[in-house]
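# Remarks on the overall topology
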Amino acid sequence: MARINPTSLADLIRRPIVTEKATMLLENNQYTFEVNSKATKPQIKAAIEELFGVKVTGISTQNPPRKKRRFGRFMGNRSLYKRAVVTLAEGDLINLFPEV
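Residues numbered from 1 in each chain as written. Predicted model: local features only at pLDDT ≥ 70, side-chain atom pairs only at ≥ 80, totals over all residues. Heavy atoms only, no water.

Judged by pairing direction, the sheet is antiparallel, and its four strands sit side by side in the order S1-S2-S6-S3 without closing on themselves. Each having just a single partner strand, strand S1 (13-16) and strand S3 (56-62) make up the two edges of the open sheet. Strand-to-strand twist of the sheet, defined as the mean angle between neighbouring strand axes without regard to direction, takes the value 30°. Relative to strand S2 (residues 30-35), S1 runs antiparallel, the two being bridged by three bridges. Across the sheet, Ile 13 pairs through a bridge with Val 35, a residue of S2. (Pairing = 2+ DSSP bridges. Helix = DSSP H or I, 4+ residues; strand = E, 2+ residues; numbered from the N terminus. Axes fitted to C-alpha atoms, helices over the stretch in contact; angles between N-to-C directions.)

Next up, the structure:
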């Protein structure tokens with residue numbers, strides 16, 4: 001396996017995805033993130049473990065299809081992105097909603 005540069009790991013994870021389905025997955029200790037479209041599963045695993053200090057047991061990635069959107073009289077497309085569903089080890093958690 002290729003060596004992963006720890007300084008570029010923070011650039012792989014763009015943001016957590018907070019939807020109704022992603023919130024339901026939190027009960028199963030699964031977290032959903034938008035990641036760089038070129039990121040591989042080993043890179044995503046290393047980034048999550050490095051950034052949050054948790055143990056990752058599984059990763060599923062999806063590339064959702066591009067959707068068409070109309071801007072006035074012009075047709076356009078939504079941006080492409082890659083979604084990663086990360087399963088953590090029992091007892092680990094990521095605090096996505098910190099108490100203020």
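Our focus in this paragraph is the nonpolar core. One finds Ile 13, Phe 33, Ile 44, Ile 48, Val 86, Leu 88 and Ile 94 to be the most contacted residues of the largest nonpolar core, which totals 17 residues. The set of elements that each furnish at least two residues to this core consists of S2, helix H2 (41-52), S3 and strand S6 (82-88). (Core = buried A, V, L, I, M, F, W, Y, C linked by side-chain atoms within 4.5 Å. Buried < 20%, exposed > 50% of the residue type's maximum accessible area, 1.4 Å probe, protein only.)

With that settled, the discussion passes to the side chain of Asn 29. In this fold, Asn 29 is placed in the loop between helix H1 (20-25) and S2. A polar side-chain atom of Asn 29 sits 3.0 Å from the main-chain carbonyl oxygen of Ala 89. Other than its neighbours up to four places away in sequence, Asn 29 contacts Val 86, Thr 87, Leu 88, Ala 89, Glu 90, Gly 91 and Asp 92. (Polar contact = N/O pair within 3.5 Å; in protein donor to acceptor, adjacent residues only side chain to side chain. Contact = heavy atoms within 4.5 Å.)

A word on the pattern of salt bridges. Pairs can form between side chains of opposite charge once their charged atoms are near each other. Across all of its chains, the model carries two salt bridges by this definition. For Glu 34, the salt bridge identified is with Arg 14, shortest N-O distance 3.6 Å. With a gap of 20 residues between them, Glu 34 in strand S2 and Arg 14 in strand S1 connect regions that are remote in the sequence. Overall, Glu 34 belongs to the buried group, its relative accessible area being 11%. Note that Glu 34 is salt-bridged to Arg 15, the shortest N-O span being 2.9 Å. With Glu 34 in strand S2 and Arg 15 in strand S1, this residue pair connects regions lying 19 residues apart in the sequence. Bridged by salt links that share partners, the residues Arg 14, Arg 15 and Glu 34 form one connected network. (Salt bridge = Lys/Arg side-chain N within 4 Å of Asp/Glu carboxyl O.)

Attention now goes to unusual backbone geometry. Positive phi values are uncommon outside glycine, yet Asn 29 reaches one of about 65°. On the accessibility criterion, Asn 29 (14% relative accessible area) is buried.

Our focus in this paragraph is the side chain of Lys 82. Along the chain, the position of Lys 82 falls in strand S6. Buried charged residue Lys 82 carries no salt bridge. Nearest counter-charge: Glu 34, at 12 Å. One polar contact links the side chain of Lys 82 to the main-chain carbonyl oxygen of Ala 39, over a distance of 2.7 Å. The residues contacting Lys 82, other than those within four sequence positions of it, are Phe 33, Glu 34, Val 35, Asn 36, Ser 37, Ala 39, Thr 61, Gln 62 and Asn 63. (Lys, Arg positive; Asp, Glu negative; His and termini not counted.)

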